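Breakdown of the fold
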Amino acid sequence: MNPRLLRRPALVALPLSAALALTVVVGTAEAEPSRHGSAARVVSTATLPDIPLARFSNGLIPGSVDDDRNVDLGGIGSDLYPAERHGEYWTVTDRGPNGQIAIGKDKRRTFPVPGFDPAIVKVRAEGGRLRVLQSIPLTTRSGAPVTGLPNQPGRDEAPYTYDASTPLPYNPNGLDTEGVVRDRDGSFWLVDEYGPSLVHVSAKGRVLARHVPKGLGLTGTDYPVIESFPSVFLKRKINRGFEGLALLPDGDLVMALQSPLLNPDKATGEESRNTRLVRFSPRKNRVTAEYAYRFDPVGTVEPGQTKTSELKISSVVALGGDRLLVQERTDKSARVHEVRLRPSSDILGTPWDTTAAPALEQLDGKAADKGPFLPKRLVVDLNTVPGVPGKIEGIAVEGSSTLVLINDNDFGMTDGPEAFDANGRLVDSGIETTLVKVRLGRPVR
């Protein structure tokens, strides 16, 4: 394994038995559990081999990528969902290779392969290799690629070429996909960071509908757009829209807002530990509940980290009934909690669901202790499990006591002009897409 994938080791991992013995604390899990019992451990690892991005993309939509700048397929670790056969998983790419380059005081968002089209990818671990079994491109009603380009000037970052020298066009069809589940009818549901959106696509990847916040005013798309979510979600932080997605046993969907809303303002949102989960009923075609969720302190999630804005939710997993796993992370560390979606914690249609003061994102200290946050219990601190890669974004449960994890390797990209050489070829970071299985000390379901 690439040594850059490994975390610094710690003495032991948190046993699930200790986690389940914790006293439930509303909205927080700051108390450290007992360190007695069996430790969680990595039991297998598989790495995605190098697959040229042009070969992959043009195999799905011929002519979509004319120059991949030596970028390989990556970024498929945005989410993980069990496929029909044991040991196989659906994953999804994000919007594609992208980075940031500072030009004066301006940080420009670069898209080195602007023709890249997000895709749903089925994989299976075979020995130490991660094999791609099937790939489904995301397309519009007319069959065109949606692309991963931003949607709206003034709301989304302006897109630029790989060297940040030339503007690229916006695309209202573009999706920054970050979560995936497969429904019983074979169709897929995805979440997107731009809207933020919930996207329904056919089994062949065609967008059937895109649900967005009320008042977004997205026009010019080649698929239906429905304003379904409360307007407060218009205040999402750039690149921090909906991330995790879970399919509940009753058919409802639960999605997580990656980071706190900038509500009522940017300064509040950057320092807040309070984000939101949303429940959507495909049968009723509407939002049916909204839940407040409070992160652990950032120094608990990543010891030594002081920037609260580094906190993110990247994965939510249905366990059965009203139970979910929720992953809190930074780019270096992750902890997994269990929550129950209790009706008493539903804030949909309440003042907490608006920009009215005090905003949910402003609650802190003793005020947060009395806030409407979901109770949670710590299941495992992945930072204490040697062999787990950084930037885990996809989690699935296999059997009763194994977590399957996949990381987002950002297509091997880094930020800054040094990401590409003088010939415009990628200087690869060396970080690989890796799927690992972690056996817990006790069953999680």
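Read on for an overview of the structure.

Parameters and conventions
Residues numbered from 1 in each chain as written. Predicted model: local features only at pLDDT ≥ 70, side-chain atom pairs only at ≥ 80, totals over all residues. Heavy atoms only, no water. Helix = DSSP H or I, 4+ residues; strand = E, 2+ residues; numbered from the N terminus. Buried < 20%, exposed > 50% of the residue type's maximum accessible area, 1.4 Å probe, protein only. Contact = heavy atoms within 4.5 Å. Areas by Shrake-Rupley, 256 points an atom, 1.4 Å probe, with all protein chains shown as cover. Core = buried A, V, L, I, M, F, W, Y, C linked by side-chain atoms within 4.5 Å. Pairing = 2+ DSSP bridges. Polar contact = N/O pair within 3.5 Å; in protein donor to acceptor, adjacent residues only side chain to side chain. Phe/Tyr/Trp six-rings, centres within 6.5 Å; stacked < 30°, edge-to-face > 60°. Axes fitted to C-alpha atoms, helices over the stretch in contact; angles between N-to-C directions.

A closer look at the overall build of the protein chain
In terms of regular secondary structure, the protein chain is built from 5 helices and 25 strands. Here the C-alpha coordinates of the protein chain stretch approximately 55 × 50 × 50 Å along the principal axes. Counting all 445 residues of the protein chain, 61% fall into the buried class. Nonlocal contacts in the protein chain, meaning residues at least 24 apart in sequence, comprise 63% of its contacts between residues at least 6 apart. Accessible surface for the protein chain amounts to roughly 16900 Å². Of this, 50% is attributable to carbon and sulfur atoms.

Focus: the nonpolar core
The biggest cluster of nonpolar side chains holds 27 residues, and the ones touching the most others in it are Leu53, Phe56, Leu73, Ile76, Leu80, Tyr89 and Leu130. Sorting the residues of this core by element identifies helix H2 (53–60), strand E7 (119–126) and strand E24 (402–407) as the ones contributing at least two each.

What to know about the sheet that holds strand E6 (residues 106–110)
Ordered by their spatial adjacency, 3 strands build an open sheet running E5-E6-E9, and the pairing between neighbours is mixed. Looking at which strands have only one partner, the edges of the open sheet turn out to be strand E5 (99–103) and strand E9 (159–160). Direction of pairing for E6 relative to E9: parallel, over a ladder of 2 bridges. Residue pairing across strands places Arg109 opposite Pro159, the latter belonging to E9.

Side note on the pairing of strand E13 (residues 207–213)
Counting buried positions along E13 gives 6 out of 7 residues, so the element sits mostly inside the fold. As paired elements, E13 and strand E14 (residues 225–229) share 4 bridges and run parallel to each other. Directly across from Pro213, in E14, lies its bridge partner Phe229.

A closer look at the environment of Arg236
Mapping Arg236 onto the fold places it in the loop between E14 and strand E15 (242–247). C-alpha separation for the pair Arg236 and Ser344, spaced 108 residues apart in sequence, amounts to 25 Å. Once residues within four sequence positions are removed from consideration, Arg236 is found in contact with Arg155, Asp156, Glu193, Tyr194, Gly195, Pro196, Gly241, Leu257 and Leu261. For Arg236, the side chain forms a polar contact with the side chain of Asp156, separated by 2.8 Å. A polar atom in the side chain of Arg236 sits 2.7 Å from the backbone oxygen of Tyr194.

Looking at the packing of aromatic side chains
Across all of its chains, the model carries 9 aromatic pairs by this definition. Ring geometry for Phe116 and Phe411: centres 5.5 Å apart, planes at 80°, overall edge-to-face. Here Phe116, found in the loop between E6 and E7, pairs with Phe411, found in the loop between E24 and strand E25 (434–439); they are 295 residues apart in sequence, far enough to count as distant. Owing to a relative accessible area of 1%, Phe116 belongs among the buried residues under this scheme. Judged by centre distance (5.6 Å) and plane angle (55°), the rings of Phe233 and Phe242 are tilted.

Considerations on the sheet that holds strand E10 (residues 177–182)
With mixed pairing, 5 strands are arranged side by side in an open sheet as E10-E11-E12-E13-E14. The two strands at the open ends of the sheet, each matched to only one other strand, are E10 and E14. Within this sheet the neighbouring strands show an average axis-to-axis angle of 25°, counted without direction. Relative to strand E12 (residues 197–201), strand E11 (residues 188–192) runs antiparallel, the two sharing 5 bridges. Looking at E12, one finds that Leu190 is bridged to Val199.

Some details on the environment of Asp72
Tracing the backbone through its elements, the reader meets Asp72 in the loop between H2 and strand E3 (80–82). C-alpha separation for the pair Asp72 and Ile51, spaced 21 residues apart in sequence, amounts to 5.2 Å. Setting aside residues up to four positions removed in sequence, Asp72 forms contacts with Asp50, Ile51, Pro52, Leu53 and Phe411.

Any functional reading would require information that these geometric values do not contain.
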